[in-house]
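Chain by chain, the residues run as shown.
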Amino acid sequence: MTAKMTIDEVLSFLGSTPPRTGVLATTRADGTAHAVPVWYVPDDDGSVVFTTGAGSVKGRNLRRTGRAAFCVEDPQPPFSFVTLEGPVDLSEDLDELVRWAHRLGARYMGEERGAEFAARNGVPGELLVRLTPLNVVGLRDLAD
């Protein structure tokens, strides 16, 4: 039977190992939706952190609107998902970009490749994005 996740379950789901990919949804200037997969790191405050190119569609949309929706799913039975909606904080601070890009790379590719990912993504032209959820929906056991 479908059940709502508690906040602790949501945080555990977002921080799962192996990590899942999230889907970021933004709105283009013409009002159409834009959704793309992204690697993310959940932070202790309940936010999710990721990087993107400042000139990418998502980077431009985030800068313009300051808001996003984010979804992470478990595609295995009995199926679960978490969605987060809220404002984003954007930073171009290179020290922070390198630190978080290292964490992203280590989370998805293993600690030994974290520095490689940081060197590629902790550079000028990238944005560090922190989505702080104002609305959280977590459902589990959708097929039970």
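Residues numbered from 1 in each chain as written. Predicted model: local features only at pLDDT ≥ 70, side-chain atom pairs only at ≥ 80, totals over all residues. Heavy atoms only, no water.

Visitor: What should I look at first to understand a nonpolar patch on the surface in this one?
Guide: Taken together, the side chains of Ile-7, Leu-11 and Val-136 present a nonpolar region at the surface, about 240 Å² in accessible area. You can see Leu-11 is positioned in helix α1 (residues 7-14). Given the relative accessible area of 39%, Leu-11 is considered partly exposed. (Patch = residues over 30% accessible without salt bridge, like charges linked within 9 Å, V, L, I, M, F, W, Y side chains within 5 Å. Areas by Shrake-Rupley, 256 points an atom, 1.4 Å probe, with all protein chains shown as cover. Salt bridge = Lys/Arg side-chain N within 4 Å of Asp/Glu carboxyl O. Helix = DSSP H or I, 4+ residues; strand = E, 2+ residues; numbered from the N terminus. Buried < 20%, exposed > 50% of the residue type's maximum accessible area, 1.4 Å probe, protein only.)

Visitor: For this particular structure, what's the right way to read the packing of helix α3 (residues 94-109) against helix α4 (residues 114-121)?
Guide: For any two helices packed against each other, the geometry is given by the interaxial angle and the distance between the axes. Put simply, α3 and α4 touch, their axes get as near as 7 Å, and they point 135° apart. Judged by the inter-axis angle, α3 sits oblique to α4. For α3 against α4, the interelement crossing comes out right-handed. Here Leu-97, Val-98, Ala-101, His-102, Leu-104, Gly-105, Ala-106 and Met-109 of α3 lie close against α4, whose contacting residues are Gly-114, Ala-115, Phe-117, Ala-118 and Asn-121. Tallied by class, residues from the contact of α3 with α4 come to 9 nonpolar, 4 polar and no charged. (Axes fitted to C-alpha atoms, helices over the stretch in contact; angles between N-to-C directions. Parallel < 35°, antiparallel > 145°, perpendicular 65-115°, else oblique. Left-handed = near helix turned anticlockwise from the far one by under 90°. Contact = heavy atoms within 4.5 Å. Nonpolar A, V, L, I, M, F, W, Y, C, P; charged D, E, K, R; others polar.)

Visitor: Where do I start with the nonpolar core in this structure?
Guide: With 22 residues, the main nonpolar core has Leu-14, Tyr-40 and Phe-70 as its most contacted residues. Elements with a minimum of two residues in this core: α1, β3 (33-38), β5 (48-53), β6 (67-74), β7 (80-91) and β8 (126-131). Not counting residues within four places of it along the chain, the set of residues in contact with Phe-70 comprises Gly-22, Val-23, Leu-24, Val-38, Tyr-40, Val-48, Val-82, Thr-83, Leu-84 and Leu-131. Counting 9 residues, the second largest nonpolar core, distinct from the first, contains Leu-97, Ala-101, Leu-104 and Phe-117. (Core = buried A, V, L, I, M, F, W, Y, C linked by side-chain atoms within 4.5 Å.)

Visitor: Explanation requested: the pairing of β5 in the structure shown.
Guide: Each regular strand carries side chains that alternate between the two faces of the sheet. Among the 6 residues of β5, 6 are classified as buried, and the element is accordingly described as predominantly covered. Taken together, the 2 bridges between strand β4 (residues 41-42) and β5 define a ladder with antiparallel strand orientation. The residue bridging Val-41 from the neighbouring strand is Val-49, located in β5. Bridge count for β5 against β8 is 6 bridges, and the pairing is antiparallel. Bridge pairing in β8 places Gly-53 opposite Glu-126. (Pairing = 2+ DSSP bridges.)

Visitor: Mind showing me how you'd approach unusual backbone geometry here?
Guide: Leave glycine aside and you will find that most residues have negative phi; peptide bonds, for their part, are mostly trans. At the junction of Thr-17 and Pro-18, the peptide bond is cis and its omega measures out at 0° in the coordinates. Residue placement: Pro-18 occurs in the loop between α1 and β2 (22-27). Residue Pro-78 follows Pro-77 across a cis peptide bond; omega there is 10°. Looking at the secondary structure, you find Pro-78 in the loop between β6 and β7. Not every positive phi belongs to a glycine, and Asp-141 is a case in point at roughly 55°. Mapped onto the secondary structure, Asp-141 falls in the segment after β9 (135-140).

Visitor: What is the right way to read the packing of aromatic side chains from this model?
Guide: In this description, a pair of aromatic rings is defined by centroid distance and the angle of the planes. Across all of its chains, the model carries 4 aromatic pairs by this definition. Taking 5.2 Å as the distance between ring centres and 80° as the angle between the ring planes, the aromatic pair formed by Tyr-40 and Phe-70 counts as edge-to-face. One end of the pair, Tyr-40, is in the loop between β3 and β4; the other, Phe-70, is in strand β6, and 30 residues separate them in sequence. In this structure, Tyr-40 and Phe-70 share a single accessibility class: buried. Of the aromatic side chains, those joined through ring pairs into one cluster are Trp-39, Tyr-108 and Phe-117. Of note, Arg-20 hangs over the ring of Phe-13, and the distance from its end group to the ring centre comes to 4.1 Å. One Lys or Arg, Arg-107, reaches over the ring of Tyr-40 and ends 4.7 Å from the middle of that ring. (Phe/Tyr/Trp six-rings, centres within 6.5 Å; stacked < 30°, edge-to-face > 60°. Lys NZ or Arg CZ within 6 Å of the ring centre and 35° of its normal.)

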